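In case you want the letters, here they are:
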Amino acid sequence: MLIKNGNVHDGCGKVAKADLRVVAGHIAEIGKDLTASEGEEVLDAAGLEVLPGFVHAVTQWGVNGNWTEIRPSSNDNDERSEPITPELDAFYAFNGRACTAQQLGAFGITVVGVAPSDNNLFGGQIAAFSVEGVNPYKMCLRRGIGMKASVTNALKMSYGARQMAPMSRMWIFGQLEEQLRKASEYAGKKAKEAAEKEKAEAAGRKKNAKKKAEDAPAPETPYDAKLEAIGKVLTGELPLFITCDSLIAAERVRDITSTYPAVKLVLINGYGLTGEEDWIIEKKIPIVVKPADYTVDREAMTLDLQAIAKLWKAGVPIIVNGNGNVREDLLWTGSELMRVLGDSEEVLKMATSVPAKVLGIDDLTGSVQEGRRADLVLWQGDPMKTWDAHIVRTFCGGETIYREGDEMKCM
């Protein structure tokens, strides 16, 4: 397919009139006055804005069964049997049909970062998916892209109501510190045992190759799936996406994790931030800006977009996000930041290239560049500038998933 004459926004701050050639679901060529090959579909995008699809970084789309299945609305990302479940993987919660049924492409969203809920201290690992399809294995762009954690009142509401821990902030932050300490000690023991085994095997090879297995000491530390998973947070292999409902909660997380310099924090919500947080600015800690989950949310009322804009100008990665239940939310959050920043290309970055980079999938999607997936949305008007903008056509991996006028089956 060849998309011609569009006003192309690359999601990284640049805008130019250009043609795009799409081959095998990817952007193969960007240029001016490109000539169509024989049999190639040509789409004239004159007068249209060509944007990368939005990346909804932290969501719950697709984790509930749709209403025609045996287990509808199953909340499969919400394991509330115990509050520490870092070994779990949101990939196994994802239902391709449930995600597709939401028709997210009609709202400009082409990629979602599916995460465990906020109801556990360590909820499990995040996975990224395209929004259209049936088979999770085919829709999954990347697994194990982050560890989801939470230090919010959601834990107390979930477990305290059953007279189970956590019932207090003491437990939440005490256990955050304790689990990181245990994982660090566990990793140290496993590393020491591995080194001793290697040393013994080397000595055995010199002495008698047949006896090397006998000379190697048996490991004493039993395998622990929870500590193995948290250990990946300590090494930075898994960024820690942690939901905080206040500035003081974020500061406690900062203090507890500061013992482990390799930890990569991603703060979810941004509630209570002032824009003066030097520790966030210095380390360029990403902020996922999320609106309230319900109508009267006192914590969400402390979200100061002027402060968020100040952090962005200081170089902090900012991600605009929805609450995971309303398809328009991501765009609403972007429009509110647009009121503050007044620069549509900067806000577009927050919905495309920045979340893709933070999720570790920027080599696949999130921008209009050669070699990236053809996750593209053709808009009549710029959605970051006007509510009169509307989608003409949405492509996910080069396939049309929405055309203007398509019936909305999920209201």
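Relevant structure appears above.
Throughout this document, residue positions are counted from 1 along each chain, in the order its sequence is written. Local features in this predicted model are restricted to residues whose pLDDT is 70 or higher, and side-chain atom pairs enter the listing and the counts only when it is 80 or higher, whereas totals over whole chains, interfaces and linings include all residues. Side-chain metrics rest on all non-hydrogen atoms present in the structure, leaving aside hydrogens and water.

Draft legend 1. Looking closely at the overall build of the protein chain. Helix and strand assignments come from DSSP, with helices taken as H or I runs of at least 4 residues and strands as E runs of at least 2, each series counted from the N terminus. A count of helical and extended segments in the protein chain gives twelve helices and 18 strands. Radius of gyration here uses only the C-alpha atoms, and the compact-globule reference equals 2.2 Å multiplied by the residue count raised to the power 0.38. Its C-alpha atoms give the protein chain a radius of gyration of 23 Å, within 12% of the compact-globule value 22 Å for 411 residues. When the backbone C-alpha atoms are referred to their principal axes, the protein chain occupies close to 75 × 55 × 50 Å. For the protein chain, the computed accessible surface area is about 18,900 Å², with 50% contributed by carbon and sulfur atoms. For the charge count, each Lys or Arg is scored as positive and each Asp or Glu as negative, with His and the chain ends excluded. In plain terms, the charge of a residue is placed at NZ if it is Lys, CZ if Arg, CG if Asp and CD if Glu. Positive and negative side-chain charges of the protein chain, numbering 49 and 58 respectively, have mean locations separated by a distance of 6 Å. The Shrake-Rupley method, run with a 1.4 Å probe sphere, supplies the accessible areas, and residue values consider only the shown protein chains as cover.

Draft legend 2. Structural context of the sheet that holds strand β12 (residues 240-243). At least two DSSP bridges between two strands are needed for those strands to be called paired. One open sheet holds the six strands; their spatial order is β8-β11-β12-β13-β14-β15, and the pairing between them is mixed. Edge strands, defined here as strands with exactly one partner in the open sheet, are β8 (122-125) and β15 (318-320). This sheet shows a mean twist of 20° between the axes of neighbouring strands, independent of strand direction. For helices, the fitted axis covers only the stretch in contact; all axes are lines through C-alpha atoms, and the angles between them, taken along N-to-C directions, range from 0 to 180 degrees.

Draft legend 3. Molecular detail of the sheet that holds strand β10 (residues 140-142). The mixed open sheet is built from four strands, whose spatial order is β6-β7-β9-β10. Each having just a single partner strand, β6 (54-59) and β10 make up the two edges of the open sheet. Within this sheet the neighbouring strands show an average axis-to-axis angle of 30°, counted without direction. The pairing of strand β9 (residues 127-130) with β10 spans two bridges and is antiparallel.

Draft legend 4. Just the side chain of K290, in detail. Within the secondary structure, K290 is located in the loop between β14 (287-289) and α9 (305-313). For K290, the residues in contact, after removing those within four places along its chain, are I268, N269, Y271, L303, N321, G322 and N323. Should any heavy atoms of two residues lie within 4.5 Å, those residues are considered in contact.

Draft legend 5. Representation of the environment of G13 within the structure. Relative to the helices and strands, G13 is located in the loop between β1 (2-9) and β2 (15-23). Put simply, G13 and L303 are 290 residues apart on the chain and 25 Å apart in space, counted from C-alpha to C-alpha. Those residues in contact with G13 that lie beyond four places of it in its chain are E345 and K349.

Draft legend 6. View of the nonpolar core. Note on terminology: a nonpolar core comprises buried Ala, Val, Leu, Ile, Met, Phe, Trp, Tyr and Cys residues joined through side-chain atoms within 4.5 Å. Relative accessibility decides the category of a residue: with a 1.4 Å probe and only protein chains considered, values under 20% of the type maximum give buried, values over 50% give exposed, and everything between is partly exposed. In this structure, F122, V151 and I242 are the most contacted members of the largest nonpolar core, which totals 101 residues. In terms of residue count, helix α4 (residues 169-207) provides more of this core than any other element does, six residues in total. Other than its neighbours up to four places away in sequence, F122 contacts P83, I84, T85, P86, M147, K148, A149, L176, Q179, L180, I230 and L240. Counting residues in each nonpolar core, the second largest holds 16 residues, with M1, A18, L48 and V50 among its members.

Draft legend 7. Structural view of the packing of α4 against helix α7 (residues 247-257). In contact at an axis separation of 10 Å, α4 and α7 are set at 25° when each is read in the N-to-C sense. One way to sum up the angle between α4 and α7 is to call them roughly parallel. Of the two possible hands of crossing, α4 and α7 adopt the one that is right-handed. Between α4 and α7, the contacting residues are R169, F173, L176, E177 and L180 on the first element and A249, R252, V253, I256 and T257 on the second. Oblique is the label for any angle not covered by the other classes, which are roughly parallel (under 35 degrees), roughly antiparallel (over 145) and roughly perpendicular (65 to 115). Left-handed is the label given to a crossing in which the near helix is rotated counterclockwise from the far helix by less than a right angle, and right-handed is the label when the rotation is clockwise.

Draft legend 8. Quick peek at the pairing of strand β17 (residues 390-396). With five of its seven residues buried, β17 lies for the most part within the structure. When strand β16 (residues 376-380) meets β17, the two strands line up antiparallel, connected through five bridges. Bridge pairing in β17 places Q380 opposite H390. Looking at chain direction, β17 and strand β18 (residues 399-403) are connected through four bridges and run antiparallel. Pairing of T394 across the sheet is with Y402, part of β18. Hairpin remark: β17 followed by β18, antiparallel, with two residues in the connecting loop; positive phi at G397, about 60°.

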